[in-house]
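Fold and geometry: a report
Spelled out from the first residue to the last, the chains are:
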Amino acid sequence: MNELVDKAFINVCFICDEEQWIVRFNGQNIDIESVKDTVGDVIIEGDIESLRLLLQGEDFLISMKKRGELGVSGQLKDLLLLESLLYLSKNFR
């Protein structure tokens, strides 16, 4: 997992209702801040329950996108990296 995290440089914008948050994965560091503009390598939009399932590693990003539970945009390599980070991190909680 450390090798994956060390190489993770990605900005993810989460949108839920009227709120937008950017999560910056920068190697070993993760920064989170509220933003007004929708910017990021990956943009994910959904309701609170869908985002909770995703962020807690209980469901998969690509599957949720296919089922229409989340609006997702970004390059496939970034989506797969984010999905890996979220899924693997559930083992460390």
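Worth saying up front: this structure is predicted, and the values here are computed from it rather than measured. (Residues numbered from 1 in each chain as written. Predicted model: local features only at pLDDT ≥ 70, side-chain atom pairs only at ≥ 80, totals over all residues. Heavy atoms only, no water.)

Here the focus is the nonpolar core. Val12, Phe25, Ile44, Leu54, Leu61, Leu70 and Leu82 are the most contacted members of the largest nonpolar core, which has 21 residues in total. Counting residues per element, this core draws most heavily on helix H4 (residues 76-89), at five residues. Beyond its immediate stretch of four places on either side in the chain, leucine 70 contacts Ile44, Glu45, Gly46, Ser50, Leu51, Leu54, Leu61, Met64 and Lys65. Counting residues in each nonpolar core, the second largest holds five residues, with Ile15, Ile22, Val35 and Ile43 among its members. (Core = buried A, V, L, I, M, F, W, Y, C linked by side-chain atoms within 4.5 Å. Buried < 20%, exposed > 50% of the residue type's maximum accessible area, 1.4 Å probe, protein only. Helix = DSSP H or I, 4+ residues; strand = E, 2+ residues; numbered from the N terminus. Contact = heavy atoms within 4.5 Å.)

With that settled, consider the layout of surface pockets. Of the volumes computed, that of the largest pocket is approximately 490 Å³. As for the largest pocket, its lining consists of 22 residues, of which Phe14, Val23, Ile32, Leu55 and Leu86 are closest to the centre. Elements supplying a minimum of two residues to the lining of the largest pocket: strand S1 (9-16), strand S2 (19-26), strand S3 (29-34), helix H2 (48-55) and H4. Residues belonging to the lining of the largest pocket are distributed by class as follows: 16 nonpolar, three polar and three charged. (1 Å grid on protein atoms, 1.4 Å probe; cavity = no way out; pocket = protein on both sides within 12 Å on 5 of 7 lines; lining within 4 Å. Points joined across faces, edges and corners; volume = space filled by probe spheres on them. Nonpolar A, V, L, I, M, F, W, Y, C, P; charged D, E, K, R; others polar.)

The next subject is a negative patch on the surface. Together, Asp17, Glu18, Glu19 and Asp47 make up a negatively charged patch on the protein surface. Tracing the chain through its elements places aspartate 17 in the loop between S1 and S2. (Patch = residues over 30% accessible without salt bridge, like charges linked within 9 Å, V, L, I, M, F, W, Y side chains within 5 Å. Areas by Shrake-Rupley, 256 points an atom, 1.4 Å probe, with all protein chains shown as cover. Salt bridge = Lys/Arg side-chain N within 4 Å of Asp/Glu carboxyl O. Lys, Arg positive; Asp, Glu negative; His and termini not counted. Charge placed at Lys NZ, Arg CZ, Asp CG, Glu CD.)

With that settled, consider the pattern of salt bridges. A full pass over the atoms with the stated rule returns six salt bridges. Between arginine 52 and glutamate 58 there is a salt bridge whose closest N-O contact spans 3.3 Å. The class of arginine 52 is partly exposed, set by a relative accessible area of 31%. Judged by its relative accessible area of 47%, glutamate 58 falls in the partly exposed class. Ionic pairing is found between arginine 67 and glutamate 69, a salt bridge with its closest N-O pair at 2.8 Å.

Moving on, we come to the sheet that holds S1. The five strands lie next to each other as S3-S2-S1-S4-S5, forming an open sheet whose pairing is mixed. Edge positions in the sheet fall to S3 and strand S5 (71-74), since each has one partner strand and no second. Put simply, the sheet's adjacent strands are angled 15° from each other on average, direction ignored. Here S1 pairs with S2 via eight bridges, running antiparallel. Its bridge partner being in S2, phenylalanine 9 is matched across the sheet by asparagine 26. (Pairing = 2+ DSSP bridges. Axes fitted to C-alpha atoms, helices over the stretch in contact; angles between N-to-C directions.)

Further remarks concern a nonpolar patch on the surface. Taken together, Trp21, Ile30 and Ile32 make up a surface patch of nonpolar side chains, about 310 Å² in accessible area. By secondary structure assignment, the location of tryptophan 21 is in strand S2.

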